[in-house]
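Overview (structure and organization)
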There are 2 protein chains.
Amino acid sequence: MEEIITLDYGSGGKKTSSLIEEILLPKFDNSKLNELMDGAVLKSKGRIAFSTDSFVVSPYFFPGGDIGKLAVCGTVNDLLMCGAIPRYLSLSFIIEEGFKIEHLKKIVNSISETAKECGIEIVTGDTKVVEKGKGDGIYINTSGIGFMEIEGYAKARINDGDVVIVTGNVGDHGVAVMSARNGFFLDTDLKSDCMPLTNLAKTIFKYGREVKIMRDPTRGGLATTLNEFVEGTEFSIELIEKDVPIAQNVFTACEILGIDPLYSANEGKIVLIASKDIAEDLVKDIKNLPEGKNAAIIGKVTSNHKGLVVLKTPIGGSRILNKLTGAQLPRIC
Amino acid sequence: MEEIITLDYGSGGKKTSSLIEEILLPKFDNSKLNELMDGAVLKSKGRIAFSTDSFVVSPYFFPGGDIGKLAVCGTVNDLLMCGAIPRYLSLSFIIEEGFKIEHLKKIVNSISETAKECGIEIVTGDTKVVEKGKGDGIYINTSGIGFMEIEGYAKARINDGDVVIVTGNVGDHGVAVMSARNGFFLDTDLKSDCMPLTNLAKTIFKYGREVKIMRDPTRGGLATTLNEFVEGTEFSIELIEKDVPIAQNVFTACEILGIDPLYSANEGKIVLIASKDIAEDLVKDIKNLPEGKNAAIIGKVTSNHKGLVVLKTPIGGSRILNKLTGAQLPRIC
């Protein structure tokens, strides 16, 4: 008989213990977690970054990853974007009654492998089970602590003449999840770009305060993140449409799905604003990493349209790119 | 028209921003959160405690509290039980489409008030929205960081002759939630004991290493927590049934609902093991706090039944109290 999660697994009693001891602990073996206290006691140093995200992506297995890999990368990447080196991760499950234990094991495995790849320790956790029809398989929250490596990324430091850099093709994650959800494009190689941004971020850290701000453009995509960079400031961003790297298959899928790739989520890219002086060198360094080979300068900061993002089209037109309105891509992460 | 949460609120775009700016930020005003980065950058010192919990309690409003108050107290209390003073909290919502904005505001208000009472800052957050039928109103994850005040609470330090102390009546939370869920007992004053354990814990911290281990007996109740204290050790706990404080209305409700109060969840109590020498003084100090007035010594550590909890009944019998098996009380927290 296929093993499934029942409400008993969330009782806090024997079944919860067996779930923890048989499925979770063997994969996340470390002394802090093994004590099974209500929390973990950890070494800290200086200033820390602290971040949280709940993941509700549907479907929970998608081309290029699954909700487990995404839950680790998502929080690891948020810590990196704060200028921190990720160190500790908490892991909390909300599982729907009837969820296959085989699927849970696959997700736990993927969490464990991704955490190892990121050099982050899973130190504390929680599991809740809700009745059938009160969830959607599995939701995961991760929160993370990182040690600050470089401080001061802030929109307040953006200046006229700065350039906008993206570390690779945009839109992959959103399109991969949407196609998986709709069962489209089964014969293409659309894949989520879900990955830890550790090496990219470390390369960027080396440029110190020449980098003004950086962010991973997840929900809402590149266009929404660029809006967040300049909203409330004296500056605008001019985005050069032809310079934004987009894979041909993503571009085609977007046309069919009616999605704008500039608003489609990314889970393995960084967009940043840096001073003009170091921009070429920085892009060269990023391109030296396999995950940065499509990096490009895609625009610049001007003081022409206070607080706005303006897209320059190949035929010489320009239009304002707002933040995403509405739920173009629900449950993408 | 009644305002409700739609999928747009989880898109990461404009609606998400309005939710954050209009409902959340005004209640959690602090500079770390206002920056709206992917994480918060925080001062840290020495060693820290780190804890996480997802809250799925049903119903999300119950006598004596709501899911918001519970989500703050739950993580604050877990940090205190590690020997830490809680400092920073993350807050992550998974909201079901159609959820009333009025309810969200009430819950956010309750989170804000409880956080103030606990002296903990909400520094980072996240909001996801899932389709109708894929959640149950609202689920909340909180993760917390505390600065270590006293280290070394561990079952390894439990010894023959130590005593077991509880800081007040047991079973209140589980019974209050179960009655609210079933619509029973509307005329009684059954109320959850949900509260921050800050003052109780600080009193206990003063006794240093004379206190061996402490825990808040939530899911699985007193009996399950006592089992966790001794399982895998050389010792057993003898629990004196007549000495365990239980409110009369909780006792009666348990009889009707078929719940054993020893397995019913608490959200405002501590159970601890301390050396005999200081036990009387400690109980006296706890009783001096309003929330500790029903504190009592309820048992002792012996080496008679390795790893077991044995209940001594008033008529001289004894029976083994196991961990909770099955889901007697699903979705209690």
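All figures in this text were calculated on a predicted structure; none of them were measured in a lab.

**A closer look at the overall build of chain A**
Check the secondary structure of chain A and you find nine helices and 14 strands. For chain A, the spread of C-alpha atoms along the principal axes amounts to about 65 × 50 × 35 Å. The buried share among the 333 residues of chain A stands at 63%. Within chain A, counting contacts between residues at least 6 apart in sequence, those at least 24 apart form 86% of the total. With an accessible surface of roughly 12400 Å², chain A has 49% of that area assigned to carbon and sulfur atoms. Across chain A, 38 positive and 44 negative side-chain charges occur, with their mean positions spaced 3 Å apart.

**Quick notes on the UniProt feature "domain: PurM-like N-terminal" (unreviewed entry) in chain A**
As annotated in UniProt, the feature "domain: PurM-like N-terminal" (unreviewed entry) corresponds to residues 38-148 of chain A in the numbering used here. The annotated region residues 38-148 of chain A carries 30% helix and 46% strand content, and the separation between its end C-alpha atoms amounts to 26 Å.

**Points about the pattern of salt bridges**
If you walk through the whole model with that rule in mind, you get 28 salt bridges over all chains. Taking the shortest distance from any N to any O, the salt bridge between Glu131 of chain A and Arg331 of chain B comes out at 2.6 Å. Remark: Arg331 of chain B occurs in the segment after strand S14 (318-320) and Glu131 of chain A occurs in the loop between strand S6 (121-130) and strand S7 (138-148); the pair is interchain, linking two chains. Judged by relative accessible area, which is 5%, Arg331 of chain B ranks as buried. Taken together, the salt bridges that share partners define one network made up of Asp53 and Arg219 of chain A together with Asp126 and Lys128 of chain B.

**Side note on the sheet that holds strand S2 (residues 47-55) of chain B**
With mixed pairing, the five strands of this open sheet are ordered in space as S1(A)-S2(B)-S7(B)-S5(B)-S6(B). On the outer flanks of this sheet lie strand S1 (40-43) of chain A together with strand S6 (121-130) of chain B, each paired with one strand and no other. When the angles between neighbouring strand axes are averaged without regard to direction, this sheet yields 20°. Sheet topology places S2 of chain B next to strand S7 (residues 138-148) of chain B; eight bridges connect them, and they run antiparallel. Bridge assignment links Ile48 of chain B to a residue of S7 of chain B, and that residue is Phe147 of chain B.

**Here we look at the side chain of Thr75 of chain A**
Residues and elements named next belong to chain A. Tracing the backbone through its elements, the reader meets Thr75 in helix H3 (residues 67-81). On the accessibility criterion, Thr75 (0% relative accessible area) is buried. Here Thr142 takes part through its side chain, which lies 2.7 Å from a polar atom of the side chain of Thr75. Not counting chain neighbours up to four residues away, the residues in contact with Thr75 comprise Ser51, Thr52, Asp53, Phe55, Leu89, Thr142, Ser143 and Gly144.

**Considerations on the packing of H3 of chain A against helix H6 (residues 198-205) of chain A**
Residues and elements named next belong to chain A. Two elements in contact, H3 and H6, have axes separated by 10 Å at closest approach and are oriented at 0°. Classified by the interaxial angle, the pair formed by H3 and H6 is roughly parallel. For the pair H3 and H6, contact is made by Val76, Leu80 and Met81 and by Thr198, Ala201 and Phe205, respectively. Counted by class, the contact of H3 with H6 contains five nonpolar, one polar and no charged residues.

**Remarks on the packing of aromatic side chains**
Considering all chains together, one arrives at seven aromatic pairs over all chains under this definition. The structure contains a cluster of three or more aromatic residues connected by ring pairs, namely Tyr60, Phe61 and Phe99 of chain A.

**Some remarks on the domain arrangement of chain A**
All names here are of chain A. In terms of domains, chain A is made up of domain 1 (7-148) and domain 2 (155-320). Of note, the centres of domain 1 and domain 2, computed from C-alpha atoms alone, are 28 Å apart. Between domain 1 and domain 2, the residue contacts involve 19 residues of the former and 21 residues of the latter. A combined buried area of about 1700 Å² lies between domain 1 and domain 2, and 70% of that area is made up of carbon and sulfur atoms. Applying the counting criterion to the domain 1 and domain 2 interface returns zero salt bridges. Inspection of the region where domain 1 meets domain 2 yields five residue pairs in polar contact (both at pLDDT 80 or more). Residue assignment for the side of domain 1 that touches domain 2 shows that the elements contributing at least two residues are H3, strand S5 (84-96) and helix H4 (101-118). Per-element accounting of the side of domain 1 that touches domain 2 gives the leading share, eight residues, to H3. Here the side of domain 1 that touches domain 2 is built from residues that sort into 12 nonpolar, four polar and three charged.

**Thoughts on the environment of Ser264 of chain A**
With respect to the helices and strands, Ser264 of chain A occurs in the loop between helix H8 (248-257) and strand S11 (271-274). Apart from the residues lying within four places of it in its own chain, the contact partners of Ser264 of chain A are Gly171, Gly174, Val175, Gly221, Ile259 and Leu329 of chain A.

**Some points on unusual backbone geometry**
With an omega of 0°, the peptide bond running from Ser58 of chain A to Pro59 of chain A counts as cis. Its location among the elements puts Pro59 of chain A in the loop between strand S2 (47-55) and strand S3 (61-62).

**Details of the sheet that holds strand S11 (residues 271-274) of chain B**
Residues and elements named next belong to chain B. Strand order in the open sheet formed by seven strands is S9-S11-S8-S12-S10-S13-S14, with mixed pairing between adjacent strands. Each edge of the open sheet carries a strand with a single partner, namely strand S9 (211-215) and S14. Here the strands of the sheet are splayed against their neighbours by 25° on average, with no regard to which way each runs. By the bridge criterion, four bridges tie strand S8 (residues 163-166) to strand S12 (residues 296-302) in an arrangement that is antiparallel. Looking at S12, one finds that Ile165 is bridged to Ile297.

**Thoughts on helix H5 (residues 172-182) of chain B**
Residue and element names in this part refer to chain B. Across the 11 residues that make up H5, a large majority, eight, are buried. Elements that come into contact with the buried residues of H5 comprise strand S3 (61-62), helix H3 (67-81) and helix H8 (248-257). Positive phi shows up at Gly183, right after H5, with a value of about 70°.

**Notes on the relation of the copies chain B and chain A**
Expressed as a screw transformation, the operator carrying chain B onto chain A has a rotation angle of 180° and an axial translation of 0.0 Å, and the superposed copies differ by an RMSD of 0.0 Å. Taken together, the rotation angle and the small translation identify this as a two-fold axis. Taking C-alpha positions as the reference, the residue of chain B nearest the rotation axis is Gly135 of chain B, at 2.2 Å. In this assembly, 100% of the residues forming the interface of chain B have copies in chain A that are likewise at the interface, indicating an isologous arrangement.

**As for the interface of chain B and chain A**
Every contact between the two is made by 72 residues of chain B and, on the other side, 72 residues of chain A. Here chain B meets chain A over a buried area of about 6000 Å², counting both sides, of which 56% is carbon and sulfur. If you sort the residues of chain B by the area they bury against chain A, Asp38, Phe50 and Arg219 of chain B come out on top, with a joint share of 14%. Remark: the boundary between chain B and chain A carries eight salt bridges.

**As for the pairing of S6 of chain B**
Residues and elements named next belong to chain B. A large share of S6 lies buried, amounting to eight of its 10 residues. Both strand S5 (residues 84-96) and S6 contribute to a ladder of nine bridges, which runs parallel. Across the sheet, residue Tyr88 finds its bridge partner in S6, namely Glu121. Where the polypeptide runs from S5 across helix H4 (residues 101-118) and back to S6, its parallel neighbour, the crossover connection is right-handed.

**A closer look at the nonpolar core**
If you look at soluble globular proteins, the nonpolar side chains tend to sit buried side by side. Counting 75 residues, the largest nonpolar core has Phe93, Leu104, Ile138 and Leu282 of chain B as its most contacted members. Counting 74 residues, the second largest nonpolar core, distinct from the first, contains Leu24, Phe62, Val72 and Val175 of chain A.

Conventions we followed
Residue indices begin from 1 for each chain and proceed along its sequence in written order. The naming scheme follows written order: chains are lettered A onward, ligands numbered 1 onward. For this predicted model, a pLDDT threshold of at least 70 governs which residues receive local features, and a threshold of 80 or more governs which side-chain atom pairs are given and counted, while totals over whole chains, interfaces and linings are taken from all residues. The side-chain values count all of the structure's non-hydrogen atoms but skip hydrogen atoms and water molecules. The helix and strand labels rest on DSSP assignments: H or I over at least four residues marks a helix, E over at least two residues marks a strand, and numbering proceeds from the N terminus. Under the scheme applied here, a residue whose accessible area is under 20% of the maximum for its type counts as buried, over 50% as exposed, and between as partly exposed, the area being computed with a 1.4 Å probe on protein chains only. Whether two residues are in contact is decided by their heavy atoms, any of which lying within 4.5 Å being enough. Here the open area of atoms and residues is found with the Shrake-Rupley method and a 1.4 Å probe, where only the protein chains shown may cover a residue. Charged residues are defined narrowly, with Lys and Arg counted positive, Asp and Glu counted negative, and His plus the chain ends left uncounted. A charged residue contributes its charge at one atom only: NZ of Lys, CZ of Arg, CG of Asp or CD of Glu. UniProt positions are given in the numbering used here, feature names are shortened, and annotations may be inferred rather than shown by experiment. Each reported salt bridge corresponds to a side-chain nitrogen of Lys or Arg within 4 Å of a carboxyl oxygen of Asp or Glu. Paired strands are those between which DSSP finds at least two bridges. Orientation is described by lines fitted to C-alpha atoms, with helices fitted over the stretch in contact, and by angles between N-to-C directions that extend from 0 to 180 degrees. Two N or O atoms count as a polar contact when they lie within 3.5 Å, although within protein this holds only if one can serve as hydrogen donor and the other as acceptor, and sequence-adjacent residues are included solely when both atoms are side-chain atoms. Each angle receives one of four descriptions, namely roughly parallel if under 35 degrees, roughly antiparallel if over 145, roughly perpendicular if within 65 to 115, and oblique otherwise. Only Asp, Glu, Lys and Arg are considered charged, only Ala, Val, Leu, Ile, Met, Phe, Trp, Tyr, Cys and Pro nonpolar, and every remaining residue, Gly among them, polar. For this analysis, a ring pair means two rings from Phe, Tyr or Trp (six-membered ring only for Trp) whose centres lie within 6.5 Å, classed as stacked if their planes differ by under 30 degrees, edge-to-face if by over 60, and tilted for the remaining angles. As annotated, the domain borders come from an automatic or database domain assignment. The quantity reported as buried area is the accessible area (1.4 Å probe) lost by two parts once they are put together, taken as the sum for both. When the copies are superposed, the least-squares fit draws on C-alpha atoms of residues that have pLDDT of at least 70 in both. If you view a crossover with the strands going away from you and the path from the first strand over the helix to the second runs clockwise, you call it right-handed. We define the nonpolar core as a collection of buried residues of types Ala, Val, Leu, Ile, Met, Phe, Trp, Tyr and Cys that are connected through side-chain atoms lying within 4.5 Å of one another.

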